[in-house]
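Analysis of the macromolecular model
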Amino acid sequence: MVPDAGHAQLISLCEADKTMSVVRLTSEEQGVSLLAGAWLGGEKGILLMQSSGVGNCINMLSLSTSCQLPLLILVTMRGDHAEFNPSQVPMANATETVLAAMGVIVRRADTPEDVVAEVSGALSMAYNTSRPMAVLIGQKVTGAKDFRKLSQGDFE
Amino acid sequence: MKKALHRREVVSHLLDDRGDLLVVAGLGAPAWDITAAGDHPLSFPLWGAMGGAGMIGLGLAMAQPQRNVLVITGDGEMLMGLGSLAVIAAHKPPNLFIVVLDNEHYGETGMQKTVTALGVDLAGIAKSAGFMQSLLVKNKAEVGSLKDEIHKKGRARTGPLFAQVKVDSEKLPVVLPPREGAYLKNRFRIALLGHAVALA
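Rules behind the numbers
- Every chain is numbered independently, its residues counted from 1 as its sequence is written.
- Labels follow written order: the first chain is A, the first ligand is 1, and so on.
- It should be noted that, the model being predicted, local features are given only for residues of pLDDT at least 70 and side-chain atom pairs only at 80 or more, the latter also being counted only at that level, while totals for whole chains, interfaces and linings use all residues.
- Only hydrogens and water are set aside; all other atoms, that is, all heavy atoms of the structure, feed into the side-chain values.
- Each axis is a line fitted through C-alpha atoms, and for a helix only the stretch in contact is used; angles between axes span 0 to 180 degrees, taken between their N-to-C directions.
- Only DSSP runs of H or I reaching four residues or more are called helices, and only runs of E reaching two or more are called strands; each is numbered from the N terminus.
- A clockwise turn of the near helix away from the far one marks a right-handed crossing, whereas an anticlockwise turn of less than a right angle marks a left-handed crossing.
- Throughout, a contact is declared for two residues whenever any of their heavy atoms are within 4.5 Å.
- All residues other than Ala, Val, Leu, Ile, Met, Phe, Trp, Tyr, Cys, Pro, Asp, Glu, Lys and Arg, Gly among them, are scored as polar; the first ten of these are nonpolar and the last four charged.
- Criterion used throughout: strands pair if DSSP finds at least two bridges between them.
- Defined here as a combined quantity, buried area equals the accessible surface (1.4 Å probe) lost by two parts on assembly, summed across both.
- For this document, the term salt bridge refers to a Lys or Arg side-chain nitrogen within 4 Å of an Asp or Glu carboxyl oxygen.
- Here a polar contact is recorded for every N or O atom pair within 3.5 Å, except that within protein the pair must consist of a potential hydrogen donor and a potential acceptor, and residues adjacent in sequence are included only if both atoms are side-chain atoms.
- Residues enter a nonpolar core if they are buried and are Ala, Val, Leu, Ile, Met, Phe, Trp, Tyr or Cys, with the set joined through side-chain atoms within 4.5 Å.
- Each residue's exposure class comes from its accessible area (1.4 Å probe, protein chains only) as a fraction of the maximum for that residue type: buried when under 20%, exposed when over 50%, partly exposed otherwise.

Before going further, it helps to examine the packing of helix H5 (residues 82-91) of chain B against helix H6 (residues 122-129) of chain B. All names here are of chain B. Where H5 meets H6, the closest approach of the two axes is 8 Å, and the angle between their N-to-C directions is 35°. As for how H5 packs across H6, the hand of that crossing is right-handed. On H6, the residues that touch Leu 82, Leu 85, Ala 86 and Ala 89 of H5 are Leu 122, Ile 125, Ala 126 and Ala 129. Split by residue class, the contact of H5 with H6 holds 8 nonpolar, no polar and no charged.

This is the structure:
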């Protein structure tokens, strides 16, 4: 994983689970190749990232598609709903297109109920049909970061 | 480059009598080199994924902690994935061995210089990242010691190990591995995990 605020709770849960290993990546495409190696060795995993990291993965996704490797990417979106930071918007706007262009099947979750259904469906589909999939979890679910509050020292 | 090491000799020595070693090769010349040494179901030669060979090695090493994993790649491929050295060093897999055949050039695209030709110290970067061992290999005796390290078993293993092997920038005949990705994946998983698990 490369952390995102939207994944913070999930990352903590994974770290607390002794049956899982959490690998701290320095760039998102490392997760694509890491999980390719894990699958060659008989292990499964999930790749967590923010939407801005999807762009870093483009060429590495060739590995998943050309080798027909199972892969599930959970992408928490920045820049798709009530965003404050202009730099988040271009990649957010391109996230789904870019993934689809590389042969990744994309699902969206814009309510908490969608998250459970889409993630469990994508997980079984990725591993049962041996292909890369991504679930985009929208900012309507994770909430937009309030930079004005942060600038006033309000971190809650 | 007087008495420079030859990449095919280095690779065939490292892979001779390879035992149960799992091998990943970076795209281009390292993939041709491991194939010249003898194609093997437990070899995974890359045709792309530049910068990803080390991370594939880490995933494999974490999934198969009892087996030794050897990544053989080039300086250009390694330079594209320098961040992976930090990730590997931080996670410290004792069974992962990364060998960079450093000819200081991009061999597949017209022999343009890489930045190792301009003094970038790959072994130094790996050492600073925190690899348990980081070696600069320049002669046959050092290749022999490297092979001994790669074949150590159990608690005697001292990975993650990084080795920058300085090799001649010779152009060699291409020796092609199979290129269909799903075939390479399936033959590797069947050889490692057995049919029942690999194709479940």
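Having seen the model, we can carry on.
Before going further, it helps to examine the packing of helix H1 (residues 7-15) of chain B against helix H7 (residues 140-150) of chain B. All names here are of chain B. Contact geometry of H1 with H7 gives a least axis separation of 9 Å together with a crossing angle of 35°. The two elements H1 and H7 cross, and the hand of that crossing is right-handed. Across the interface between the two elements, Glu 9, Val 10, His 13 and Leu 14 from H1 touch Lys 140, Val 143, Gly 144, Leu 146, Lys 147 and Ile 150 from H7. Along the lines of polarity and charge, the residues of the contact of H1 with H7 split into 5 nonpolar, 2 polar and 3 charged.

A few words now on the sheet that holds strand S8 (residues 161-166) of chain B. Pairing between the strands of a sheet comes from backbone hydrogen bonds, and it takes one of two forms, parallel or antiparallel. Residues and elements named next belong to chain B. The 6 strands lie next to each other as S2-S1-S3-S4-S8-S7, forming an open sheet whose pairing is parallel. The open sheet has two edge strands with one neighbour each: strand S2 (43-45) and strand S7 (133-137). Going from strand to strand, the sheet's axes swing by 15° on average, the running direction of each strand aside. One ladder, built from 3 bridges, connects strand S1 (residues 22-25) with S2; its direction is parallel. Paired with Ala 25 across the strands is Pro 45, a residue of S2. Packing of helix H8 (residues 181-193) onto the sheet brings it into contact with S1 and S2, and relative to S2 it is tilted by some 165°.

Here we take up the interface of chain B and chain A. Residue-level contacts link 27 residues of chain B with 24 residues of chain A. The junction of chain B with chain A conceals about 1900 Å² of combined surface from both sides, 70% of it contributed by carbon and sulfur atoms. Looking at the side of chain B facing chain A, the largest losses of area belong to Met 55, Lys 185 and Arg 189 of chain B, adding up to 27% of the total buried there. The tally of links from chain B across to chain A stands at 0 salt bridges. Across the contact surface, chain B and chain A share 7 residue pairs in polar contact (both at pLDDT 80 or more). Contributing elements (two or more residues each) for the side of chain B that touches chain A: helix H3 (53-63), H5 and H8 of chain B. Per-class residue counts for the side of chain B that touches chain A are 16 nonpolar, 8 polar and 3 charged.

Further remarks concern the sheet that holds strand S1 (residues 47-50) of chain A. Residues and elements named next belong to chain A. Ordered in space as S1-S2-S4-S3, the 4 strands form an open sheet in which the pairing is parallel. Looking at which strands have only one partner, the edges of the open sheet turn out to be S1 and strand S3 (105-109). Each neighbouring strand pair of the sheet contributes to a mean axis angle of 20°, computed without reference to strand direction. Pairing geometry for S1 and strand S2 (residues 71-76), over 4 bridges, is parallel. Its bridge partner lying in S2, Gln 50 is registered against Thr 76.

Let us now look at the nonpolar core. All names here are of chain B. Counting residues in hydrophobic clusters, the biggest one holds 77 residues, and the most contacted among them are Ile 98 and Phe 162. Excluding residues that lie within four positions of it along the chain, Phe 162 makes contacts with Met 78, Leu 85, Ile 98, Val 100, Leu 122, Ala 123, Ala 126, Phe 131, Gln 133, Ser 134 and Leu 135. The next biggest cluster of nonpolar side chains, apart from the first, holds 22 residues, and it includes Leu 70, Ile 72, Leu 101 and Val 137.

Residues and elements named next belong to chain A. Most of strand S4 (residues 132-137) sits out of view: 6 of its 6 residues are buried. Neither face of S4 is left uncovered, since the one carrying Pro 132, Ala 134 and Leu 136 and the one carrying Met 133, Val 135 and Ile 137 both have all their residues buried. Where S2 lies against S4, 6 bridges are found, and the strand directions are parallel. Its bridge partner being in S4, Leu 74 is matched across the sheet by Val 135. As defined by bridge partners, S3 adjoins S4 across 5 bridges and the pair is classed as parallel. Looking across to S4, one finds that Ala 109 is bridged to Ile 137.

Before going further, it helps to examine helix H2 (residues 29-36) of chain B. Residues and elements named next belong to chain B. With 7 of 8 residues buried, H2 is to be regarded as a mostly interior element. Among all positions of H2, only Ala 29, Pro 30, Ala 31, Trp 32, Asp 33, Ile 34 and Thr 35 are buried. In this fold, the buried residues of H2 make contact with H1, S1, S2, strand S3 (69-74) and strand S4 (96-102). Immediately beyond the C-terminal end of H2, within one or two residues, lies Gly 38, with a positive phi of roughly 120°.

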